[in-house]
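Chain and residue survey
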Amino acid sequence: MERAYANTAVGQIHYIFEGDGDPIILLHHAGASAKEFATVIPLLSPKWRVLAMDLPGHGGSDPFPEAPLIQDYAKTVVAFMDALGIEEAHLVGLH
């Protein structure tokens, strides 16, 4: 697994990634980080380009400048995809 940062309008978004193929983005639950997918990523990466992002204020990502709404998190996922040039992706989330 590799680590990287995507620069977005919200700030830097930290993510871990592995594999090739169609992108699948893994979204952690509140209070966690992309690390919770460390054992899953190697299982998915033979078929998918797996990206697990730290949502703003979690893990290594910059925090929101003020208290976020759920829409702010959704916009962050879109900004993350835009920063990486991803037009379409499968999304998997936990909560």
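Just above, that's the structure.
Residues numbered from 1 in each chain as written. Predicted model: local features only at pLDDT ≥ 70, side-chain atom pairs only at ≥ 80, totals over all residues. Heavy atoms only, no water.

Overview of the overall build of the chain
Rules: A run of H or I in DSSP counts as a helix once it spans at least four residues, and a run of E counts as a strand once it spans at least two, with each numbered from the N terminus. Radius of gyration: over C-alpha atoms. The globule rule applied is 2.2 Å multiplied by the number of residues raised to the 0.38 power. Here the term buried applies to any residue with accessible area under 20% of the maximum for its type, exposed to any over 50%, and partly exposed to those in between, with areas from a 1.4 Å probe on protein chains only. Whether two residues touch is decided by their heavy atoms; if any such pair falls within 4.5 Å, the residues are in contact. Note on areas: Shrake-Rupley, 1.4 Å probe, and residue coverage restricted to the protein chains presented here. Charge assignment: positive for Lys and Arg, negative for Asp and Glu; neither His nor the chain ends contribute. Every charge is mapped to an atom, namely NZ of Lys, CZ of Arg, CG of Asp or CD of Glu.
Helix and strand counts for the chain stand at two helices and five strands. Scaling as 2.2 N^0.38, a compact globule of 95 residues should have a C-alpha radius of gyration of about 12 Å, and the chain matches this with 12 Å. With respect to the three principal axes, the spread of C-alpha positions in the chain is 40 × 25 × 20 Å. Within the span of the chain, comprising 95 residues, buried residues form 39% of the whole. By sequence separation, contacts in the chain at least 24 residues apart represent 65% of the contacts at least 6 residues apart. Within the structure as shown, the chain displays about 5600 Å² of accessible surface, and the carbon and sulfur contribution to it stands at 55%. If the 5 positive side-chain charges of the chain are averaged to one point and the 12 negative ones to another, these points end up 4 Å apart.

A few points about the packing of aromatic side chains
The condition that has to hold: Stacked, tilted and edge-to-face pairs are distinguished by plane angle, under 30 degrees for stacked and over 60 for edge-to-face with tilted covering the rest, among Phe, Tyr and Trp rings (Trp via its six-membered ring) whose centres lie within 6.5 Å.
Tallied over the entire structure, the rule returns three aromatic pairs. A centroid spacing of 5.5 Å and a plane angle of 40° characterise the contact between Y15 and F17, whose relative ring orientation is tilted. Using a relative accessible area of 7% as the deciding quantity, one classes Y15 as buried. Ring centres of F64 and Y73 lie 5.1 Å apart, and the angle between their planes is 85°; this geometry places the pair in the edge-to-face category.

Here's the deal with the side chain of S45
Note on placement: S45 falls in the loop between helix 1 (41–44) and strand 4 (49–53). When residues no more than four places from it in sequence are discounted, the contact partners of S45 are E18, G19, D20 and V50.

Quick notes on the environment of L27
Inspection of the secondary structure puts L27 in strand 3 (residues 23–27). Judged by relative accessible area, which is 16%, L27 ranks as buried. Sequence separation between L27 and L94 is 67 residues; the distance between their C-alpha atoms is 6.5 Å. Beyond its immediate stretch of four places on either side in the chain, L27 contacts F37, M53, L55, V77, V92, G93 and L94.

Considering the sheet that holds strand 2 (residues 11–18)
Worth spelling out the cut-off: Strands are labelled as partners when DSSP assigns at least two bridges between them. A fitted line through C-alpha atoms represents every axis, and for helices the fit uses only the stretch in contact; the resulting angles, taken between N-to-C directions, go from 0 to 180 degrees.
Pairing within the open sheet is mixed, and its five strands lie in the order 1-2-4-3-5. Of all strands in the sheet, those bounded by a partner on one side alone are strand 1 (2–8) and strand 5 (90–93). Across the sheet, the axes of successive neighbouring strands diverge by a mean angle of 30°, strand direction being ignored. Here strand 2 pairs with strand 4 via four bridges, running antiparallel. Residue pairing for strand 4: F17 is matched across the bridge by L51.

Observations regarding the layout of surface pockets
Applied cut-off: Think of a 1 Å grid over just the protein atoms. A cavity is a set of points where a 1.4 Å probe fits yet cannot get out, a pocket is an open set with protein on both sides within 12 Å along at least five of seven lines, and lining residues have an atom within 4 Å of a point. Grid points are joined across faces, edges and corners, and a volume is the space filled by probe spheres set on the points. Throughout this entry, Asp, Glu, Lys and Arg are counted as charged residues, while Ala, Val, Leu, Ile, Met, Phe, Trp, Tyr, Cys and Pro are counted as nonpolar. The remaining residues, Gly among them, count as polar.
Taken as a whole, the largest pocket encloses approximately 250 Å³ of empty space. Taken together, 13 residues make up the lining of the largest pocket; nearest its centre are H28, L55, I70, Y73 and H95. No other element matches helix 2 (residues 70–83), which puts four residues into the lining of the largest pocket. A class-by-class count of the residues in the lining of the largest pocket yields eight nonpolar, five polar and no charged.

So far we have only geometry, and geometry alone does not tell us how the molecule works.
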